[in-house]
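Results of the structural survey
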Amino acid sequence: MEPDKDLLYAPALDGALGHHRNAALGYMTQVMARSEGLDPVNRLLYADFTTYLPECLLVKMDIATMACSLEGRSPFLDHEFVELVFPMPGDWKLRGWKLKWLLKETFKDLLPPEIYNRPKQGFGLPLSPWFRGKLKGYWQEHVLSPSALRRGYFKKEGLDRLLSEHETGKRDHSYRLWALLMLELWHEQYLPDYRL
């Protein structure tokens, strides 16, 4: 990902970030160091369990449910269940590319085939096709606007490349495009004249 940053970050942003540029990598290195001795699958599950789950997914669920005056529960996060399952070998949890292998095998006789055979579904937005269609012009209008470029964060050539690679299907940059759009919309709302 460093070459992507080199192509995207303007000198002012690179200078402002300094040694913090790779903070996320350092953070994940520390997380992975705490899982030494586990098999590869369980190391990745540990990283997800201690970062992505509490820092992202559970927060989003909490916000969404509270907005509707609902109380959400995650039964597979019950501490007794986690204490039972986490020490199990990784190949019980992932067989080839079959996710949740042990869970599915355990309830195979009780699940209808359309549920048992259904692939995992998340709650993601269809960002990838949106940035090839409906959101492409909106993205360009905001992220490539003269005021956005004057902020000094990103090189226009790098932004153009991200959009072009995404549009042609060479790479899926949907989450990067989304993050860049949200950053610019935030700036337009709260710090419209800010520059590095």
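Since this is a predicted model, take the numbers as computed values, not measurements. (Residues numbered from 1 in each chain as written. Predicted model: local features only at pLDDT ≥ 70, side-chain atom pairs only at ≥ 80, totals over all residues. Heavy atoms only, no water.)

1. Notes on the layout of surface pockets
Unfilled space is identified by rolling a water-sized probe across the atoms. Filter applied, for reference: A cavity, in this analysis, means grid points on a 1 Å lattice covering only the protein atoms where a 1.4 Å probe fits yet has no way out; a pocket is instead an open set bounded by protein on both sides within 12 Å along at least five of seven lines, and a residue lines either one if it has an atom within 4 Å of a point. Grid points are joined across faces, edges and corners, and a volume is the space filled by probe spheres set on the points. Helix and strand assignments follow DSSP, with helices taken as H or I runs no shorter than four residues and strands as E runs no shorter than two, numbered in order from the N terminus. By the convention adopted, Pro, Cys, Tyr, Trp, Phe, Met, Ile, Leu, Val and Ala count as nonpolar, Lys, Arg, Asp and Glu as charged, and the other residues, Gly among them, as polar.
The calculated volume of the second largest pocket comes to roughly 370 Å³. If you go around the second largest pocket, you meet 17 residues; those closest to its centre are Asp4, Lys5, Leu8, Tyr9 and Arg176. If you list the elements that add at least two residues to the lining of the second largest pocket, you get α1 (2-8), α12 (156-168) and α13 (174-190). Grouping the amino acids of the lining of the second largest pocket by side-chain chemistry returns nine nonpolar, two polar and six charged.

2. Some words on the environment of proline 54
Stated formally: The contact criterion used is simple: two residues touch if any of their non-hydrogen atoms lie within 4.5 Å.
Positionally, proline 54 belongs in helix α4 (residues 40-67). In this structure, proline 54 is in contact with Asp48, Phe49 and Val59, ignoring residues within four places of it in sequence.

3. Some details on the confidence of the model for the protein chain
What counts, and what does not: Note: pLDDT gives the predictor's confidence per residue, expressed from 0 to 100.
Here the protein chain shows a mean pLDDT of 91. Residues at 70 or above account for 99%. Ranking the helices and strands of the protein chain by mean pLDDT puts helix α10 (residues 136-143) first, with 98, and strand β2 (residues 98-99) last, with 81.

4. Some remarks on empty space enclosed by the protein
Considering all chains together, one arrives at one cavity of 30 Å³ or more under this definition. The space that makes up the largest cavity amounts to roughly 110 Å³. Every residue along the wall of the largest cavity is listed here: Val143, Ala148, Leu149, Arg151, Gly152, Tyr153, Phe154, Leu159, Leu180, Leu183 and Glu184. Of all the secondary structure elements, the ones that give two or more residues to the lining of the largest cavity are α11 (146-150) and α13. Of all the elements, α13 adds the most residues to the lining of the largest cavity, at three residues. When the residues that make up the lining of the largest cavity are grouped by side-chain class, the tally is eight nonpolar, one polar and two charged.

5. Quick notes on α4
The following threshold applies: Any helix carries an expected span of 1.5 Å times its number of residues minus one. To get the bend at a residue, fit one axis to the 7 residues ending there and another to the 7 starting there, then take the angle between the axes. The cut-offs for exposure are 20% and 50% of the maximum accessible area for each residue type, with area from a 1.4 Å probe on protein chains only; residues under the lower value are buried, those over the upper are exposed, and the others partly exposed. In protein, a polar contact requires one atom able to donate a hydrogen and another able to accept it; more generally it is a pair of N or O atoms within 3.5 Å, and residues adjacent in sequence count only if both atoms are side-chain atoms.
Here α4 contains 28 residues, and its C-alpha end-to-end distance of 38 Å stays within 8% of the 40 Å for a straight helix at 1.5 Å per residue. Roughly 60° is the biggest bend found in α4, and it falls at leucine 53, with proline proline 54 one to four residues downstream. For α4, the full list of buried residues reads Asn42, Tyr46, Ala47, Thr51, Leu53, Cys56 and Thr65. Its buried side turned inward, α4 meets α3 (23-33) and α6 (90-93). The N-cap of α4, judged by a side-chain oxygen 3.1 Å from the amide nitrogen of valine 41 a few residues on, is aspartate 39.

6. Brief notes about the packing of aromatic side chains
Applied cut-off: Stacked, edge-to-face and tilted labels apply to pairs of Phe, Tyr and Trp rings (six-membered ring for Trp) whose centres lie within 6.5 Å, assigned for plane angles under 30 degrees, over 60, and everything in between, in that order.
For the structure on display, the rule yields five aromatic pairs. With a centroid separation of 6.4 Å and 55° between ring planes, the pair formed by tyrosine 9 and phenylalanine 154 is classed as tilted. A residue pair is termed long-range when its members are at least 10 positions apart, and tyrosine 9 in the loop between α1 and α2 (11-17) and phenylalanine 154 in the loop between α11 and α12 qualify at 145 residues. As far as the burial class goes, tyrosine 9 and phenylalanine 154 line up, both buried. Here tryptophan 186 and tyrosine 190 contribute two aromatic rings whose centre-to-centre distance is 5.9 Å and whose plane-to-plane angle is 40°, an arrangement assigned as tilted. With tryptophan 186 and tyrosine 190 both in helix α13 and four residues apart, the pair spans about one turn of that helix. Residue tryptophan 186 is classed as partly exposed on the basis of its relative accessible area, which comes to 40%.

7. A word on the environment of leucine 103
Summarising the element assignment, leucine 103 is placed in helix α7 (residues 101-106). Each C-alpha atom of the pair leucine 103 and serine 174 lies 31 Å from the other, and the pair is 71 residues apart in sequence.

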